[in-house]
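Observations on the three-dimensional arrangement
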Amino acid sequence: MSNRNLLGLLGENINHSFSPLIFNSYFRKLNLNCSYYLFSISKNSLSGFMKKLRNSLILGLNVTIPYKESVISCLDELDPIARKIFAINVIHNDKGKLTGYNTDYTGFKRALRKYDHLNLENAVILGAGGAARSVIYALYTLNFKKIVFFSRNRKRINRIMRDFYFIKVLKGHLWEEIKIKAEIRSSDVLINATPVGMFPDENKTPIEIDFQLKDNFLVFDLIYNPRLTKFLKGAKNRGALIENGINMLIFQAMESLKIWNREIINEELFIKNCEEVLNASISNSW
Ligand SMILES: NC(=O)c1ccc[n+]([C@@H]2O[C@H](COP(=O)([O-])OP(=O)(O)OC[C@H]3O[C@@H](n4cnc5c(N)ncnc54)[C@H](OP(=O)(O)O)[C@@H]3O)[C@@H](O)[C@H]2O)c1
């Protein structure tokens, strides 16, 4: 690693994050001289922080809620895929030049690989934030035939439809439970890309799944804490296959590390170490 040996997570109210744990335990295992910190920055301080970043010892950042879209205006360049998704979760500080990348998209895609044999092709997505954008783009590259997303916010729906004009199978609707359930019945995968149900609000769920789901229906919750959200528990009771956000978290983190410094990545060790530390730290209950 260069003399820039600091990494971290940029967001707001991020004390619950597991990222320092998974990166720092890996660095310790390999005896590497680098450290991963939390940078919890208020909206008013964001542009000042980004200016100082260029001349700092910070080599790279992950980016989380609420800055995945808003931080883009502070960067010099976007990787071509991040430009299409228009949401980033990784920044590389290359001698003062800041480039944004999206590894949520690759992380989600890799986590979904486990279900290749199901030939999934019709998806419903809940939410319209940065994570939903990454999921939409991933499903597009997987040639899904139908991608429908729901949001409470008409402006966000319109922005996504405009930015993803090239995805002909994409439809966005205002949040309406009856309509969501009707779409679920004609789909084969449902993805929660809202934070509803995340620790410490584990008793919440974006929707109640109160009807039987068809065989091999997959319900994917991007939340990883708790590992079994109320949403996933409801889906399991109605016959669904379920997947939480842990594998996506691990894969997006590993891809981030490759962007910052490809030389220090040992994929097998990184994944094993993440599984160990996350198993010991994430709650199973809701
Ligand atoms: N596993 C992973 O690696 C991974 C990676 C990325 C994200 N995630 C998770 O994915 C979730 C979303 O992250 P994000 O970055 O996309 O956040 P974000 O940009 O803030 O977007 C959140 C979306 O959820 C919607 N939402 C919030 N509360 C809602 C509610 N009560 N009912 C309906 N919709 C609601 C918001 O809608 P409005 O616009 O109407 O407010 C918005 O569209 C978080 O839980 C995050 O931890 C996991």
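Residues numbered from 1 in each chain as written. Predicted model: local features only at pLDDT ≥ 70, side-chain atom pairs only at ≥ 80, totals over all residues. Heavy atoms only, no water.

Quick word on the side chain of Asn122
- Topologically, Asn122 is positioned in strand β7 (residues 122–126).
- The exposure class of Asn122 is buried, given its relative accessible area of 18%.
- Other than its neighbours up to four places away in sequence, Asn122 contacts Phe144, Lys145, Lys146, Ser186, Ser187, Asp188 and Val189. (Helix = DSSP H or I, 4+ residues; strand = E, 2+ residues; numbered from the N terminus. Buried < 20%, exposed > 50% of the residue type's maximum accessible area, 1.4 Å probe, protein only. Contact = heavy atoms within 4.5 Å.)

Some points on the site of the ligand
- Of all residues adjacent to the ligand, which total 24 residues, the nearest are Ala128, Ala131, Arg152, Arg156 and Leu222.
- Separating an oxygen atom of the ligand from a backbone N or O atom of Gly129 is a distance of 3.3 Å.
- One of the backbone N or O atoms of Gly130 is found 3.1 Å from an oxygen atom in the ligand.
- Considering the ligand on its own, with 920 Å² of exposed area, one finds that the protein chains cover 83% of that surface.
- Residue composition of the shell around the ligand, by class: 13 nonpolar, 7 polar and 4 charged.
- Two domains each put at least three residues into the shell around the ligand: domain 1 (6–102 + 247–281) and domain 2 (106–244). (Near = heavy atom within 4 Å. Polar contact = N/O pair within 3.5 Å; in protein donor to acceptor, adjacent residues only side chain to side chain. Areas by Shrake-Rupley, 256 points an atom, 1.4 Å probe, with all protein chains shown as cover. Nonpolar A, V, L, I, M, F, W, Y, C, P; charged D, E, K, R; others polar. Domains from an automatic or database assignment.)

The values are spatial; any link to function lies outside them.
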